[in-house]
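# Per-entry structural report
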Amino acid sequence: AFIVDDATLEWTLEPRGHASVSATMYGLLCSLSLITGVLTVVIFVYSFYSIHHNLYGVQTNSGAS
């Protein structure tokens, strides 16, 4: 809560709610952004880097000119 004292023009912040809920929400918000970032990179790598290159060069038909 944001508390302002009109007589002295001072303000203070007082916490609200349970500390355990706040700590859990903070941990979830930090970890979810990290998890979704890593998941996005993994999906990108596996979807676009799965192209296999020909290791032995181009093989032509025997009758081709």
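Residues numbered from 1 in each chain as written. Predicted model: local features only at pLDDT ≥ 70, side-chain atom pairs only at ≥ 80, totals over all residues. Heavy atoms only, no water.

## Digging into the overall build of the protein
This is how it is decided: For helices the rule is a DSSP run of H or I covering at least 4 residues; for strands it is a run of E covering at least 2, with both sets numbered from the N terminus onward. For every residue, the accessible area obtained with a 1.4 Å probe (protein chains only) is divided by the maximum for its type, and the residue is called buried under 20%, exposed over 50%, and partly exposed between those limits. Areas reported as accessible are Shrake-Rupley estimates using a 1.4 Å probe. Residue values count occlusion only from the protein chains shown.
Within the protein one finds 1 helix and 2 strands. When the elements of the protein are put in sequence order from the N terminus, they spell out β-β-α. Classification of the 65 residues of the protein by burial places 0% in the buried group. Carbon and sulfur atoms make up 66% of the accessible area of the protein, which totals about 6600 Å².

## Things to note about the packing of aromatic side chains
Note the cut-off: Put simply, two rings from Phe, Tyr or Trp (the six-membered ring, in Trp's case) pair if the centres are within 6.5 Å, and we call them stacked under 30 degrees between planes, edge-to-face over 60, tilted for the rest.
Scanning the entire structure with this criterion turns up 2 aromatic pairs. Both rings, one in F2 and one in W11, keep their centres 5.5 Å apart while their planes meet at 35°; by these two values the pair is tilted. The interplanar angle of 50° and the centroid separation of 4.9 Å between the aromatic rings of F44 and F48 together place this pair among those described as tilted. Separated by 4 residues within a single helix, F44 and F48 lie in helix α1 (residues 19–48), roughly one turn from each other. Since its relative accessible area comes to 43%, F44 is described here as partly exposed.

## Topic: the pairing of strand β1 (residues 2–5)
Filter applied, for reference: DSSP-based pairing: two strands are paired if at least 2 bridges between them are found.
Here 4 bridges tie β1 to strand β2 (residues 10–13), and the two strands are oriented antiparallel to one another. Of the residues in β2, the one forming a bridge with V4 is W11. Counting the residues in the hairpin turn of β1 and β2 gives 4 residues, including L9, whose phi is positive at 55°.

## Here's the deal with unusual backbone geometry
Phi is positive for L9, which is not a glycine, with a value near 55°. Secondary-structure assignment places L9 in the loop between β1 and β2. Overall, L9 belongs to the exposed group, its relative accessible area being 69%.

## Considerations on the confidence of the model for the protein
A low pLDDT means the predicted coordinates there should not be read in detail. Here is the rule: Predictor confidence is given residue by residue as pLDDT, running from a minimum of 0 to a maximum of 100.
Within the protein, residue pLDDT values average 85, and 77% of them lie at 70 or more. Element-level mean pLDDT values for the protein span from 91 in β1 up to 93 in β2.

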